[in-house]
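Breakdown of the fold
Here are the chains, one letter per residue:
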Amino acid sequence: MSFHRKAPLAGTDRQAPRPEARRHALLLLPVLAGILAAAAFPDLGRGDLAWVALTPLVYFVARVGSLVRIFSGVWLGGIVQYLGILYWIPGTLVRYGSLPLAASWGLFLLMAALLASFQAAACVATRSCMNRRGAPCLLLFAPAWVAAEYLRSSFPFGGFPWMLLGYSQTDSLRLIQVADITGVWGISLLITWVNTALVWVLLNRRRLASLAPLAGGLAGIAASAAYGSASLRHWDAIQPDRRAAMLQGNLSVDEPDSSLRWKYLEGYLEMADQLAPGEIDLLLLPESPSPILYQHDRGYREALSRLARRFPLGMVLNNVFFSEAGGSSEYFNSAFFLDKAGQLAGRYDKVHLVPFGEYVPLQTVFFFSRAITRDVGNFHPGSDYPVVTLDGHPANAIICFEAVFPDLSREFVLRGSQLIINLTNDGWYGDTAAPYQHLAMARWRAIESRRFLLRAANSGISAVVAPSGRIQVRTGLLRRETAVGSFAFLPGMTFYARHGGFCRNACVIILCLALLWSLATRQPGKPAGVASWIREDGMLEELREKVRAIEQKVEQVRGYL
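Residues numbered from 1 in each chain as written. Predicted model: local features only at pLDDT ≥ 70, side-chain atom pairs only at ≥ 80, totals over all residues. Heavy atoms only, no water.

Here we look at the sheet that holds strand S1 (residues 242–248)
- Read from one edge to the other, the open sheet built from six strands follows the order S5-S4-S3-S2-S1-S12, with strand pairing classed as mixed. Bordering the open sheet on either side are strand S5 (344–349) and strand S12 (481–487), each of which pairs with just one other strand. Sheet twist, expressed as the average angle between the axes of neighbouring strands with direction ignored, equals 35°.
- Where strand S4 (residues 328–338) lies against S5, five bridges are found, and the strand directions are antiparallel. Each residue of the ladder has a partner; that of Phe336, found in S5, is Arg347.
- Sheet strands in contact with helix H14 (residues 298–308) are strand S2 (282–284), strand S3 (315–325) and S4, and its direction is about 145° off that of S3. (Pairing = 2+ DSSP bridges. Helix = DSSP H or I, 4+ residues; strand = E, 2+ residues; numbered from the N terminus. Axes fitted to C-alpha atoms, helices over the stretch in contact; angles between N-to-C directions. Contact = heavy atoms within 4.5 Å.)

Here's the deal with the packing of helix H8 (residues 141–152) against helix H11 (residues 184–203)
- Two elements in contact, H8 and H11, have axes whose closest approach is 8 Å; the angle formed by their N-to-C orientations is 145°. In the crossing of H8 with H11, the sense of the turn from one axis to the other is right-handed. Taking contact as the criterion, the partners of Phe141, Ala142, Pro143, Trp145, Val146, Glu149 and Tyr150 in H8 are, on H11, Trp185, Ser188, Leu189, Thr192, Trp193 and Thr196.
- The class makeup of the residues in the contact of H8 with H11 is nine nonpolar, three polar and one charged. (Left-handed = near helix turned anticlockwise from the far one by under 90°. Nonpolar A, V, L, I, M, F, W, Y, C, P; charged D, E, K, R; others polar.)

Re the packing of helix H13 (residues 257–273) against H14
- Packing of H13 against H14 leaves a shortest axis separation of 11 Å and a crossing angle of 10°. By the criterion of interaxial angle, the relationship of H13 to H14 is roughly parallel. Along the contact surface, H13 presents Tyr264, Leu265, Leu269 and Ala272, while H14 presents Tyr300, Ala303 and Leu307.
- Class assignment of the residues belonging to the contact of H13 with H14 gives a composition of seven nonpolar, no polar and no charged. (Parallel < 35°, antiparallel > 145°, perpendicular 65-115°, else oblique.)

Structural notes on the environment of Phe322
- In this structure, Phe322 sits in strand S3.
- With twelve residues separating them in the primary sequence, Phe322 and Ser334 have C-alpha atoms 9.7 Å apart.
- Not counting residues up to four positions away in its chain, the partners in contact with Phe322 are Gln295, His296, Ser329, Glu330 and Tyr331.

Let's talk about the pattern of salt bridges
- With the rule as written, the count across this model stands at 18 salt bridges.
- In this structure, Glu448 and Arg445 form a salt bridge, with 2.9 Å as the shortest nitrogen-oxygen distance. Placement of the pair is Glu448 and Arg445 together in helix H16 (residues 434–449), with a separation of three residues, close to one helical turn.
- When salt bridges with common partners are traced through the structure, they connect Asp384, Glu411 and Arg415 into a single cluster. (Salt bridge = Lys/Arg side-chain N within 4 Å of Asp/Glu carboxyl O.)

So, the packing of aromatic side chains
- Tallying each qualifying case throughout the model produces 19 aromatic pairs.
- Among the aromatic side chains, those forming a connected cluster through ring pairs are Trp88, Phe160, Trp162, Phe401, Phe405 and Tyr429.
- Note that Arg347 overlies the ring of Phe321, its terminal NZ or CZ placed 3.6 Å from the centroid. (Phe/Tyr/Trp six-rings, centres within 6.5 Å; stacked < 30°, edge-to-face > 60°. Lys NZ or Arg CZ within 6 Å of the ring centre and 35° of its normal.)

Things to note about a nonpolar patch on the surface
- A surface patch of nonpolar side chains, amounting to about 350 Å² of accessible area, comprises Val94, Leu101, Trp105 and Leu109.
- Examining the composition of the nonpolar patch, we find that three residues originate from one element, helix H7 (residues 101–133), more than from any other.
- Turning to its location among the elements, Leu109 is positioned in helix H7.
- When its relative accessible area of 40% is taken as the criterion, Leu109 is described as partly exposed. (Patch = residues over 30% accessible without salt bridge, like charges linked within 9 Å, V, L, I, M, F, W, Y side chains within 5 Å. Areas by Shrake-Rupley, 256 points an atom, 1.4 Å probe, with all protein chains shown as cover. Buried < 20%, exposed > 50% of the residue type's maximum accessible area, 1.4 Å probe, protein only.)

Comments concerning the environment of Leu190
- Among the secondary structure elements, Leu190 is positioned in helix H11.
- Note: C-alpha distance between Leu190 and Leu165 (25 residues apart in sequence) is 10.0 Å.
- Apart from the residues lying within four places of it in its own chain, the contact partners of Leu190 are Trp51, Leu175, Gly217, Gly220, Ile221 and Ser224.

Quick look at the confidence of the model for the protein chain
- Put simply, the protein chain has an average pLDDT of 88, and 85% of its residues get 70 or more.
- Predicted confidence is poor over residues 1–16, with pLDDT under 50, and the contacts of this stretch with residues over four places away or in other chains come to ten contacts. (pLDDT = per-residue confidence, 0-100.)

Some words on the sheet that holds strand S10 (residues 463–465)
- Strand order in the open sheet made by the six strands is S6-S7-S8-S9-S10-S11, with mixed pairing throughout. The sheet is open, and its two borders are formed by strand S6 (388–390) and strand S11 (471–474), each paired with just one other strand. On average, each strand axis in the sheet is tilted by 25° relative to the strand beside it, whichever way the strands run.
- Where S6 meets strand S7 (residues 393–399), three bridges bridge the pair, whose relative direction is antiparallel. Pairing of Leu390 across the sheet is with His393, part of S7.

Here it is as structure tokens:
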């Protein structure tokens with residue numbers, strides 16, 4: 001009898017892995033989700049992966065009941081995701097912040113950990129509702145994720161809405177036209193809903209009703225595509241009646257001062273001389289290193305005044321503005337509007353500065369970070385949103401990083417702007433994914449407001465973006481090049497411009513109400529499961545697994561006796 005018992009023993013062990021092994025295997029799911037989510041954005045740009053990228057994460061939330069384990073697992077997966085998306089940050093800190101490589105990676109990891117904590121909190125909120133109100137609360141994952149993206153876009157230091165999930169669909173123009181209603185938040189919600197619905201079907205595959213959430217997601221995709229087809233036919237039919245030229249000088253702070261100064265003045269003038277006379281209405285100079293101050297250098301100011309007089313709408317340039325207020329000196333990163341007479345028609349001081357790049361927040365705490373901004377400056381933020389008239393047409397400027405903030409561009413449109421001008425310098429990031437990511441996000445500002453967006457980039461990528469988000473013309477990266485394209489001043493107000501983030505606000509409200517409802521009372525007994533094998537993953541279950549393992553060992557011993 002003992003020989004008869006020996007054969008199946010090994011098989012029995014394989015069929016009952018230890019709880020620790022299962023937990024470690026489950027921990028790989030958020031990491032897999034982080035890898036897939038990172039691949040959905042440039043460099044790889046596989047936007048199609050976004051529709052399934054979060055399914056391992058949703059499955060992990062459904063399978064694990066411990067809130068601590070959920071937070072730690074999702075947090076780890078989020079760090080992996082941001083390492084893949086923002087890998088270019090340490091190199092920038094080393095090259096332009098003069099930080100040691102180890103310190104740069106340390107700060108980068110700290111940043112990734114902070115960003116990952118937002119989506120970890122969303123998953124914890126979802127599972128908390130499931131633990132108290134049952135498995136159907138898994139469907140809260142979608143609004144919880146959008147609420148976390150909104151929080152990340154606002155906190156800390158003004159937020160960092162870089163590569164929100166919806167941006168993965170930038171090249172799917174037909175799908176994202178709905179952004180003039182919902183903004184990027186609506187696409188993020190749709191993607192997360194589809195991911196959640198796929199897991200819901202997997203966990204309830206024997207129930208026909210489990211297809212309802214997925215059917216709703218597919219209906220949302222179909223409705224967005226139908227709306228997008230009609231929108232593209234309308235907005236692509238617009239015939240722009242103006243011409244703009246964006247001079248991409250490809251200046252670098254690494255160059256000698258003499259070379260930088262020549263490029264900043266003579267180089268731009270040389271590029272402008274190559275434009276066909278009488279064919280350009282508006283000239284744009286990008287954000288770039290400023291060896292000459294427009295405000296204080298009379299020769300430079302007069303040269304630009306003569307240049308602006310060549311164009312019916314004048315020109316827009318970037319420079320540093322200096323002010324003395326209350327006995328202290330203040331510097332602003334500004335856009336200067338020169339009219340067709342060469343006179344200063346208006347100035348915009350950048351409102352949303354880059355933390356640790358253009359200023360150091362909480363300097364008493366982050367005193368060690370002063371070196372990071374040494375080569376860039378310590379700017380003060382602007383306090384107004386001026387709309388400047390160009391030959392009777394209202395327009396506005398946003399500078400660099402500001403293009404990733406939907407509400408900033410929306411504020412200008414609400415004040416009457418009919419054209420968005422984006423002056424930027426992505427030269428800090430070299431030949432990495434960052435310039436491509438930056439352009440992808442800027443394109444959404446055109447769709448949300450249905451405005452032409454003129455993007456003048458120092459090192460690339462300069463572009464003219466139509467109100468449909470379609471790129472009409474673009475330059476290469478790290479080249480001295482001129483982009484010439486057509487545009488029009490467009491009036492009118494989209495639903496998104498009028499009502500802003502109603503979609504994201506609705507997600508926040510839904511999540512808050514669900515949390516309050518789940519905290520009000522708790523169902524008696526253990527939380528309901530999505531399937532028979534889903535249960536609360538706590539210490540009691542771990543103890544039961546150990547008891548079962550002991551019972552199996554006892555059976556083995558009996559088999560040998």
